Amino acid sequence: MKTTFIKADPSDFVPELLAPAARAIREGGLCVFPTETVYGIGGDATSSESARKIYAAKGRPSDNPLIIHVAFPEEAEKYAVTAPLYYRLAKHFMPGPLTVIMERRETVPKEVTGGLDTVAVRCPQHPVAHELIRLAGVPIAAPSANISGRPSATSARYAAEDFDGKVEYIIDGGRCDVGLESTIVKITGDDSLVLLRPGAVTYEALLCVCGDVTVSDAAAGAVLKEDERPVCPGMKYRHYAPSKPLTLVRGSDAARTAFFRSRLEEGQTVIICSSEQAAQMPEGSAVIDIGPADDLGAQGRMIFDALRRSDELPGNRIFAEMPPAEGLGLALYNRLIRAAAHTVADADA
Ligand code: TXA
Ligand code: MG
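Read on for a plain summary of the structure. (Residues numbered from 1 in each chain as written. Chains lettered and ligands numbered in written order. Predicted model: local features only at pLDDT ≥ 70, side-chain atom pairs only at ≥ 80, totals over all residues. Heavy atoms only, no water.)

1. Focus on the environment of alanine 258
Mapped onto the secondary structure, alanine 258 falls in helix α8 (residues 253-266). Along the primary structure alanine 258 and aspartate 348 are separated by 90 residues, whereas in three dimensions their C-alpha atoms are 9.7 Å apart. (Helix = DSSP H or I, 4+ residues; strand = E, 2+ residues; numbered from the N terminus.)

The structure is reproduced here in structure tokens:
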């Protein structure tokens, strides 16, 4: 298939530019598009045939449900059984990086939700995503635009690496602001929810809107047992992984510096770390600086790029600084611990 590229500067684009891509979606085709979190690969969320195409293009197991993207929060009504708590969340966090799981209505085919009776709804903030959904006139089912198991794509370049030739359109809307996939919550009661995937809408922020927020084991980054069925099906798969083995390194700053330096001296090593650590590594070594230690927002924007770039650098192993598992750090930690398949080294030991 020939893929057409469309460039759309999020701060200055003519909506009509997106019309051909919107039409392609409405007619059953696929389109890669930017959101504020990561790029998505989208199709008509009301079509089981489009869902089948998405699973095929991604190489994704069809029991792993897709998120439905709507242009306005109240459109969720058509596809899910909404509750007052949904509107409270929407008021605070939508449009934005939050996905809410609710009971599915028949308007959404089971193929889209991996056979589940629930559906995940998200209203993205990115102006290009918003216009695309609006112009398509149908909700857009979209997983992250990466081949299953690979790090999510936060720029059109990386999305094209995985999908050029497999979709009708790739819309380049620049780099994603957040860089980590949306926070996913499931409404479980009038004032209770479960956090299934941490993201830029943090646990702490959710607590300001909902009295009872439970962090699922998967969100906390726990290892799931072989026979355990995760609440969020995507959490059972190896994920976000670069092709080289990755180890997370915890410990005091000084111990980590020494640890990274000694591994670099041994050779064949790529380091992913904060600017402060990077400044202490030998000139010319394979070090990817993901931003200041106290700026987790910057690190979130960079982390998936760093994982992809680490594959392009020479070396056969990667070590990365382990982020603090709280606030936005929990989202970073959750992605990295799974990319590392739970391999952790203690620099203080
Ligand atoms: O930021 C994002 O959420 C991006 C952009 C494109 O919007 N999308 C994204 O989709 O990350 P995906 O498919 O890569 O991740 C969605 C996760 C999967 O782990 C899936 O299992 C879970 O959401 N999920 C979707 N529907 C669900 C449901 N009904 N119940 C439980 N988990 C669900
Ligand atoms: Mg994904």
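2. A few points about the packing of helix α1 (residues 19-26) against helix α4 (residues 127-136)
One can describe the packing of α1 onto α4 by two numbers: an axis separation of 8 Å at closest approach and a directional angle of 55°. Taken as axis vectors, α1 and α4 run oblique relative to one another. Classified by chirality, the crossing of α4 by α1 is right-handed. Only Leu132, Leu135 and Ala136 of α4 make contact with α1, whose side of the interface consists of Ala19, Ala21, Ala22, Ile25 and Arg26. (Axes fitted to C-alpha atoms, helices over the stretch in contact; angles between N-to-C directions. Parallel < 35°, antiparallel > 145°, perpendicular 65-115°, else oblique. Left-handed = near helix turned anticlockwise from the far one by under 90°. Contact = heavy atoms within 4.5 Å.)

3. As for the site of ligand 1
Neighbouring ligand 1 are 27 residues; Thr37, Arg60, Asn64, His69 and Ser182 lie closest to it. Between ligand 1 and the protein, one listed contact pairs an oxygen atom with a side-chain N or O atom of arginine 60 at 2.7 Å. Between ligand 1 and serine 182, the relevant distance is 2.5 Å, taken from an oxygen atom to a side-chain nitrogen or oxygen of the residue. Considering ligand 1 on its own, with 680 Å² of exposed area, one finds that the protein chains cover 98% of that surface. Listing elements by their share of the shell around ligand 1, those giving two or more residues are β4 (67-69) and β7 (118-122). For the shell around ligand 1, the element with the highest residue contribution is β7, accounting for four residues. (Near = heavy atom within 4 Å. Polar contact = N/O pair within 3.5 Å; in protein donor to acceptor, adjacent residues only side chain to side chain. Areas by Shrake-Rupley, 256 points an atom, 1.4 Å probe, with all protein chains shown as cover.)

4. Some thoughts on the side chain of arginine 197
Looking at where arginine 197 falls in the secondary structure, it is placed in strand β11 (residues 192-197). The buried charged residue arginine 197 lacks any salt bridge partner; its closest oppositely charged side chain belongs to glutamate 181, at an N-O distance of 4.8 Å. At 2.9 Å, the side chain of arginine 197 and the backbone oxygen of serine 182 are in polar contact. (Buried < 20%, exposed > 50% of the residue type's maximum accessible area, 1.4 Å probe, protein only. Lys, Arg positive; Asp, Glu negative; His and termini not counted. Salt bridge = Lys/Arg side-chain N within 4 Å of Asp/Glu carboxyl O.)

5. Remarks on the nonpolar core
If you look at the biggest cluster of nonpolar residues, it comprises 51 residues, and the most contacted ones within it are Val32, Tyr86, Leu89, Leu98, Val100 and Leu206. At the level of secondary structure, the elements contributing two or more residues to this core comprise α2 (48-58), α3 (84-93), β6 (98-104), β7, α5 (156-163), β10 (183-189) and β11. Excluding residues that lie within four positions of it along the chain, valine 100 makes contacts with Tyr86, Leu89, Met94, Val119, Ala120, Val121, Val185 and Ile187. The next biggest cluster of nonpolar side chains, apart from the first, holds 26 residues, and it includes Ala320, Ala331, Leu332 and Ile337. (Core = buried A, V, L, I, M, F, W, Y, C linked by side-chain atoms within 4.5 Å.)

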